[in-house]
Amino acid sequence: MTITESLPPVAAPAEVRWSPRLWGVLAVLCAVLFLDGLDVSMVGVALPSIGTELGLSTTSLQWIVNGYVLGYGGLLLLGGRTADLLGRRRVFLGALAVFTVASLVGGLVDDGGLLIATRFVKGLAAAFTAPTAMSILTTTFPEGPARNRALSIFTVFGASGYSSGLILGGLLTSLGWRWNFLVPVPLALLALAGGFALIARDRPAARGGHDLPGAATLIAGMLLVVYSVVSAPARGWLDPVTVGLFALAVALLAAFVFIENRVPHPLVRLGILRIGSIVRANASMIALLGSYVSFQFMMTLYLQDVLHWAPLRMALALLPAGLLVAFGSPFVGRLITRYGTAPLIVTAMVSLSLGYVWFLATAGTQPHYLLTVMPTMLLLGGGFGFGFSSIMAQATDGIPDSEQGLASGLVQSSGQVGAALVLAVVTALVSTGAGAATDFGQFHPGLNLITGVAVAGLLLNVIPLAARAARTREA
């Protein structure tokens, strides 16, 4: 979506007709992106049912979400680099095979720990399929109208997968939560077979290297931070074990920074973080995904566990946001071209913040759907639809072609890891209430944090924009 919307229009005398093979390659890549979006939303709908059958607490359930996003965010940059070094076709098909097997195993296990492990493995696999799919697409379709058209189709499938997953997840969870893991397997197998038959073989890069120590310290540090946060309420924030875990996490992340400054092929060239717009884009993505993912997690538990809504009814309640994202995202590129990224990001953050503030102001202990939930979901859908592609465009704006992959991967990683951290803190706040929740009161501390994260993202973008406008008036 980012690349599609930030590329300038390229004139062409006539549109070249695509061959059936090109359409087939695009279908395979779209199917994989659709599966990623489908997986996230379907599993989210099934969380209460999973918790009931496997006896998982709220703290454990958040690992089903965070296991995936941490695996994905932690190795996303390494995934793109590995595809360059070992060959895009080989890495794509291998990672897709792992994703398929992990999904199948996840639908068969009877242990919460094993289920979380399969989610982590699926996240690792997605960290290799997502950047490799983008790389295959950009090398298969020539730069210009053909690539822009392919990228537009490609990114719409991601948003459609998320929206479809809400409905499909509600239907499948009514039959049994395991179907949410098993149903994607045939689609993944078809994509795998299509990839073997249609994706052209490519040669690995002749030079370069991995940054395995950097990847290991980054993902280990982030996992330890999340584990420390979610386990601290039960153990105590000042307990020696808690303090020791946080200290070890900081040491691992410091080691990551040390490694990146010294290895010949770093996972992240830290100098890119000296660019103010890049830093704001990454922080904005943390605010966007961190608040959005955490709110959906919280609402899923509230609507099903407290109000005892059926999974399909709950999915339909949250669907307006997904529909706005799916149908509105393709038009955001024109707005970016006309107005630039900064005003659109501010608009998105205003919509997002208003959604949470409205829910906080009107929810009370028994939120009404038409008064509270539906307006909030519409505001959140508008915020996400405007914000995601605009933030991605800002993250890559003005970056040389040699670092486009780094900038794009960095902002996606920031969003995934940030979502995991915010969700961990929200889970810790929600879990501190005594006993099972009987109304929305126990969820208020989590909602307060989510609102604060969104407002912080708004201020982060409004202040520089206001300062720039003031300088313009003075000049």
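Residues numbered from 1 in each chain as written. Predicted model: local features only at pLDDT ≥ 70, side-chain atom pairs only at ≥ 80, totals over all residues. Heavy atoms only, no water.

A separate point is the overall build of the chain. Across its full length, the chain carries 16 helices and 0 strands. On C-alpha atoms alone, the chain measures out to a radius of gyration of 22 Å, which is about the 23 Å that the 2.2 N^0.38 rule sets for 475 residues. Taken along the three principal axes of its C-alpha coordinates, the chain extends 65 × 65 × 45 Å. Looking at the 475 residues of the chain, the share that counts as buried comes to 53%. Excluding contacts between residues fewer than 6 apart, the proportion of contacts in the chain whose partners are at least 24 apart in sequence is 83%. (Helix = DSSP H or I, 4+ residues; strand = E, 2+ residues; numbered from the N terminus. Rg over C-alpha atoms; globule rule 2.2 N^0.38 Å. Buried < 20%, exposed > 50% of the residue type's maximum accessible area, 1.4 Å probe, protein only. Contact = heavy atoms within 4.5 Å.)

Glancing now at a nonpolar patch on the surface. Residues Leu-324, Leu-370, Met-374 and Leu-378 make up a contiguous nonpolar surface patch of roughly 340 Å² in combined accessible area. With 3 residues, helix H14 (residues 369-396) is the single largest residue contributor to the nonpolar patch. Positionally, Met-374 belongs in helix H14. (Patch = residues over 30% accessible without salt bridge, like charges linked within 9 Å, V, L, I, M, F, W, Y side chains within 5 Å. Areas by Shrake-Rupley, 256 points an atom, 1.4 Å probe, with all protein chains shown as cover. Salt bridge = Lys/Arg side-chain N within 4 Å of Asp/Glu carboxyl O.)

Bringing the environment of Thr-372 into the picture now. Note on placement: Thr-372 falls in helix H14. Residue class for Thr-372 comes out buried when judged on its relative accessible area of 0%. Here the alpha-carbon distance between Thr-372 and Phe-295, two residues 77 residues apart in the chain, equals 14 Å. Those residues in contact with Thr-372 that sit more than four places away from it in its chain are Trp-358, Phe-359, Thr-362, Ala-363 and Pro-367.

On to helix H13 (residues 341-362). With 22 residues, H13 extends 32 Å from end C-alpha to end C-alpha; this agrees with the ideal 32 Å at 1.5 Å per step. Along H13, the residues that are buried comprise Thr-341, Leu-344, Ile-345, Val-346, Ala-348, Met-349, Ser-351, Leu-352, Ser-353, Gly-355, Tyr-356 and Phe-359. (Expected span 1.5 Å × (residues − 1).)

Taking a probe equal in size to a water molecule and rolling it over the atoms shows the remaining empty space. On inspection of all chains with the given rule, the structure shows 3 cavities of 30 Å³ or more. In this structure, the largest cavity occupies an estimated 60 Å³ of space. If you trace the largest cavity, you find it lined by Arg-280, Ala-342, Val-346, Gln-394, Asn-461, Pro-464, Leu-465 and Arg-468. Elements that contribute at least two residues to the lining of the largest cavity include exactly H13 and helix H16 (444-474). No other element matches H16, which puts 4 residues into the lining of the largest cavity. Tallied by class, the residues present in the lining of the largest cavity amount to 4 nonpolar, 2 polar and 2 charged. (1 Å grid on protein atoms, 1.4 Å probe; cavity = no way out; pocket = protein on both sides within 12 Å on 5 of 7 lines; lining within 4 Å. Points joined across faces, edges and corners; volume = space filled by probe spheres on them. Nonpolar A, V, L, I, M, F, W, Y, C, P; charged D, E, K, R; others polar.)

This part takes up the side chain of Ser-414. Note that Ser-414 resides in helix H15 (residues 404-431). Setting aside anything within four residues of it in sequence, one finds Ser-414 in contact with Asn-282 and Ile-286.

Summed over all chains, the structure comprises 4 salt bridges. The salt bridge involving Asp-39 is made with Lys-122; its shortest N-O contact spans 2.4 Å. Highlighted residues: Asp-39 in helix H2 (residues 20-54) and Lys-122 in helix H5 (residues 112-140), separated in sequence by 83 residues. The same class applies to Asp-39 and to Lys-122, which are both buried. Here Arg-178 makes a salt bridge to Asp-110, at a shortest N to O gap of 2.4 Å. Taken together, the residues Arg-178 in the loop between helix H6 (145-175) and helix H7 (179-182) and Asp-110 in the loop between helix H4 (88-106) and H5 connect sequence positions 68 residues apart. According to the relative accessible area criterion, Arg-178 is buried, its value standing at 18%.

Next up on the list: the side chain of Thr-300. With respect to the helices and strands, the residue Thr-300 is situated in helix H11 (residues 276-306). When its relative accessible area of 2% is taken as the criterion, Thr-300 is described as buried. Looking at Thr-300, its side chain comes within polar contact range of the main-chain oxygen of Gln-296, at 2.7 Å. Those residues in contact with Thr-300 that lie beyond four places of it in its chain are Gly-44, Val-45, Pro-48, Asp-305, Met-314 and Leu-318. (Polar contact = N/O pair within 3.5 Å; in protein donor to acceptor, adjacent residues only side chain to side chain.)

With that settled, consider the nonpolar core. Ile-50, Ile-64, Phe-295, Met-298, Met-299 and Phe-440 are the most contacted members of the largest nonpolar core, which has 103 residues in total. The element that contributes the greatest number of residues to this core is H11, accounting for 15 residues. Not counting the four nearest positions on each side in its chain, Ile-64 is found in contact with Val-43, Leu-47, Ile-50, Leu-56, Leu-115, Ile-116 and Arg-119. (Core = buried A, V, L, I, M, F, W, Y, C linked by side-chain atoms within 4.5 Å.)

Further remarks concern unusual backbone geometry. Residues other than glycine predominantly adopt negative phi, and peptide bonds predominantly adopt the trans conformation. In this model, His-308 sits at a positive phi of 60°, which is unusual for a non-glycine residue. His-308 gets classed as exposed once you look at its relative accessible area, which sits at 64%.

With that out of the way, let us pick up the packing of aromatic side chains. For the coordinates displayed, the defined rule picks out 13 aromatic pairs. Pairing Phe-384 with Phe-388 gives two aromatic rings, centres 5.6 Å apart and planes at 10°, and the pair type is stacked. Here the residue Phe-384 and the residue Phe-388 both occupy positions in helix H14, the gap between them amounting to 4 residues, near one helical turn. Assessed through its relative accessible area of 24%, Phe-388 is described here as partly exposed. Against the face of Phe-99 rests Lys-122, its NZ or CZ located 4.8 Å from the ring centre. (Phe/Tyr/Trp six-rings, centres within 6.5 Å; stacked < 30°, edge-to-face > 60°. Lys NZ or Arg CZ within 6 Å of the ring centre and 35° of its normal.)

When you line up the elements, Val-69 lands in helix H3 (residues 58-86). Separated by 55 residues in the primary sequence, Val-69 and Leu-124 place their C-alpha atoms 8.8 Å from one another. Once residues lying within four places of it in the same chain are set aside, the contact partners of Val-69 are Gly-74, Gln-416 and Ala-420.

What follows concerns the confidence of the model for the chain. Detailed conclusions should not be drawn from predicted coordinates in areas where pLDDT is low. For the chain, per-residue confidence averages 83 on the pLDDT scale, and residues scoring 70 or more make up 91% of the total. When mean pLDDT is compared element by element in the chain, H13 scores highest at 93, while helix H1 (residues 2-6) scores lowest at 38. Note that pLDDT drops below 50 for residues 1-14; the model gives that stretch 25 contacts with residues more than four away or on any other chain. (pLDDT = per-residue confidence, 0-100.)

What follows deals with the environment of Gly-67. As for its placement among the helices and strands, Gly-67 is situated in helix H3. On the basis of relative accessible area, Gly-67 is assigned to the buried category, the value being 3%. Separated by 353 residues in sequence, Gly-67 and Ala-420 have C-alpha atoms that sit 8.5 Å apart.

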